[in-house]
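Residue strings, one per chain:
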There are 2 protein chains.
Amino acid sequence: MAYTFNPPKRYLMGPGPSDAHPRVLKAMASPLIGHLDPHFVNMMDEVKDMVQKAFLTKNNLTFVVSAPGSAGMETCLVNLLEPGDECIICINGVFGGRMAEIAERCGAKVHKVITPWGKVTSEQQIKDALKECPKPKLVALVHAETSTGALQPLEEISKLVHEVDSLLVVDAVTSFCGVPLKVDEWGIDAIYTGSQKNLSAPPGLSPVSFSPRAIEVLENRKTKVQSWFLDLNLVKNYWAGAKRAYHHTAPVSAVFALHEALNLVMEEGLENRWKRHYEVHEYLQKELEALGFRYLVDKEHRLPNLNSVYLPENVKDEAALRNTLLNDFNIEVGGGLGDFAGKIWRIGIMGESCTHNHVNMLIGALKEIL
Amino acid sequence: MAYTFNPPKRYLMGPGPSDAHPRVLKAMASPLIGHLDPHFVNMMDEVKDMVQKAFLTKNNLTFVVSAPGSAGMETCLVNLLEPGDECIICINGVFGGRMAEIAERCGAKVHKVITPWGKVTSEQQIKDALKECPKPKLVALVHAETSTGALQPLEEISKLVHEVDSLLVVDAVTSFCGVPLKVDEWGIDAIYTGSQKNLSAPPGLSPVSFSPRAIEVLENRKTKVQSWFLDLNLVKNYWAGAKRAYHHTAPVSAVFALHEALNLVMEEGLENRWKRHYEVHEYLQKELEALGFRYLVDKEHRLPNLNSVYLPENVKDEAALRNTLLNDFNIEVGGGLGDFAGKIWRIGIMGESCTHNHVNMLIGALKEIL
């Protein structure tokens, strides 16, 4: 009657999830405790402290949404936008497009700054957008576009955004804990990420953080947040309130896993972790180029941990090659999305999947097959 | 630098989560695989099949929301309601009130049927509400009120709802897999539950199911669903479409756990599981009453798996007693919510926590303390 399930041992080198450390899996398998247990509440405080350190922020409203990164995105937008608000959303891949879609569902008027996939948004584009929409409630960008592997510079754009007293909202799903990301120094007002990329915890949670300026906007809303589940006015009393007011039942085991994954980041050190991702990326890049792969993104804006590459010209069927890698070598890499479907691969070296051994396995397998 | 976390071994006898079976914890600790891996996709099909069997439904649109039960509630309401719609929501505890709150945030006009906490909604109340609001888009009830332990009869009310061509929406968070629940036979059009009660998987997922009539309403919406993350038009292509269109990254490990928890339900058999909850409840009730506890809910509408009881008169400080149970005996029971805070306990015997051993531990500890 029961279904047997014995998952294969994979090496996860796609756009996420990445491999989880055995300590993370072990923490997750601890027996459950109640979500209002003093031991759990204390652990939530530790998670908050470590998420603050990993974001490089002192923001008090820093916590973990009990759902995947897409819900983190929705949390940021539904709390800051009200019907009729104007905002600027920069789109250079799937996830910028998703932000615009969500902002429109909030009833906001969205000014889209469109950039070809694989490129990043320039300061000049933001200046032009601010001429068209001089007082946006917020300007949103994707720090690391998971669909293309482009890394968006944020510091100069942040200045432009704050000059007009607008909020800077950033998608850091694929940059958090993998490349330099400095929430306070860069003046980011609302940020969300996911648990399953460079952090190497299982997917399902979304760390977020809000600046005091963002909280002010939140507290001055004229309308209720359209989502009850994601309403920060309620959630913040659970995660950040003096009394842990019951809101929803936290995903206890997933938080155990996140706590241990954050421990691993703290032990390694954030800067060492960034360096590791760059160093392994350099090695992967050299090996891939020697095999005839070509990078989609200009070197200047190339994300180290997610490598988007055109296949060698002699590969006629990229999907068949990915299947061979998965079935014969247990290595997962990602295909392209949207216009790049069938044209590129997205090779992740994120968190626990960011090692020379992973690169050597992948390159060795490709040499055997090609 | 890292935070040590060694959770205590608790016996979870509150309103959820309940104890997880070691097989569930072990399944969850399996190494990750990708959320688009053929092995994972196949397992999602098995999960869907088992959720259908546990709901006793053939509904094709049966799947698992990647977030806790509260998000399952929001999924049902935001997809079926549009601004200006009228609906009837029955409130006899916290969770009916939450449904009304969410429905209002959808822009719906909500007719509230208010019943004292601990009681259930009568057919006559529904008839009266239908006079005031003869064509509601939906009528929503809580099958098992987690805040009070009342079990709502649904069959006769379902007939009234369908006579006016309305949809029946049911909260089954605390009834699913614990007491008789027959989605197709009872004509339930939209239902949500949680993973952490009688199913005894970790909290964080919400199985849901929608009837063909509900899908018709969904497909004839005039406006977009306000939540992108919970929009069934998108999610159904991921869980129920021929091609698994990427929507969000599924919480892989949590689905592993859910799969194994559902396996345990299938092995035991749904009817045997219902019987076990009733049988252990009878034993618990006898023992509690002998100690001077009194039940809040009339016997006829008493939920077996969540026992709401007034404390013996000689207990002056219920919170202190709960703390002693937790700290000295590692047994968690729940306190009261709302008007019942400080007055009642909510004692859960759900899923893996529903054994004579659990009852004997609790009663033995109480006898030692009192």
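Our structure is the block above this text.
This is a predicted model, so every value here is computed, not measured. (Residues numbered from 1 in each chain as written. Chains lettered and ligands numbered in written order. Predicted model: local features only at pLDDT ≥ 70, side-chain atom pairs only at ≥ 80, totals over all residues. Heavy atoms only, no water.)

Overview of empty space enclosed by the protein
If a probe the size of a water molecule is rolled over the atoms, the empty space left behind becomes visible. Residues and elements named next belong to chain B. For the record, the criterion: Put plainly, a pocket is an open set of points on a 1 Å grid over the protein atoms alone with protein on both sides within 12 Å along at least five of seven lines, a cavity is a set where a 1.4 Å probe fits but cannot get out, and a lining residue has an atom within 4 Å of a point. Grid points are joined across faces, edges and corners, and a volume is the space filled by probe spheres set on the points. Here a strand is any run of E in DSSP of at least two residues, a helix any run of H or I of at least four, and the numbering for each starts at the N terminus. Residue polarity follows a fixed list, in which Ala, Val, Leu, Ile, Met, Phe, Trp, Tyr, Cys and Pro are nonpolar, Asp, Glu, Lys and Arg are charged, and the others, Gly among them, are polar.
For the coordinates displayed, the defined rule picks out 4 cavities of 30 Å³ or more. Of the pockets and cavities examined, the largest cavity occupies roughly 170 Å³. A per-element tally of the lining of the largest cavity places helix H9 (residues 252–268) first, with 3 residues. Considered class by class, the residues forming the lining of the largest cavity number 14 nonpolar, 6 polar and no charged.

What to know about unusual backbone geometry
All names here are of chain A. Defined as follows: Relative accessibility decides the category of a residue: with a 1.4 Å probe and only protein chains considered, values under 20% of the type maximum give buried, values over 50% give exposed, and everything between is partly exposed.
Omega for the peptide link from Gly16 to Pro17 comes to 0°, which places this bond in the cis form. Along the chain, Pro17 falls in the loop between strand E1 (11–13) and helix H1 (22–28). Phi angles above zero are rare outside glycine, and Asp165 is one such case at about 65°. The residue Asp165 is located in the loop between helix H6 (155–163) and strand E8 (167–171) in this model. What makes Asp165 exposed here is its relative accessible area of 58%.

Structural notes on the pattern of salt bridges
As a reminder, the rule being used: Here, a salt bridge means any Lys or Arg side-chain nitrogen found within 4 Å of an Asp or Glu carboxyl oxygen.
Throughout the structure, instances matching the rule amount to 39 salt bridges over all chains. Between A:Glu101 and B:Lys224 there is a salt bridge, with its nearest N and O atoms 2.8 Å apart. On the criterion of chain membership, the pair formed by A:Glu101 in helix H4 (residues 94–105) and B:Lys224 in the loop between helix H7 (212–219) and helix H8 (232–239) is interchain, its members lying in two chains. Take B:Lys224: its relative accessible area is 53%, and that puts it in the exposed class. A salt bridge links A:Arg105 to B:Asp231, with the nearest nitrogen and oxygen atoms 2.8 Å apart. With A:Arg105 in helix H4 and B:Asp231 in the loop between H7 and H8, the pair connects residues from two separate chains. Across this residue pair, the class does not change: A:Arg105 and B:Asp231 are buried. Beyond isolated ion pairs, a larger network of salt bridges with shared partners links A:Glu101, A:Arg105, B:Lys224 and B:Asp231.

Without other data, these values stay purely geometric and don't point to any function.
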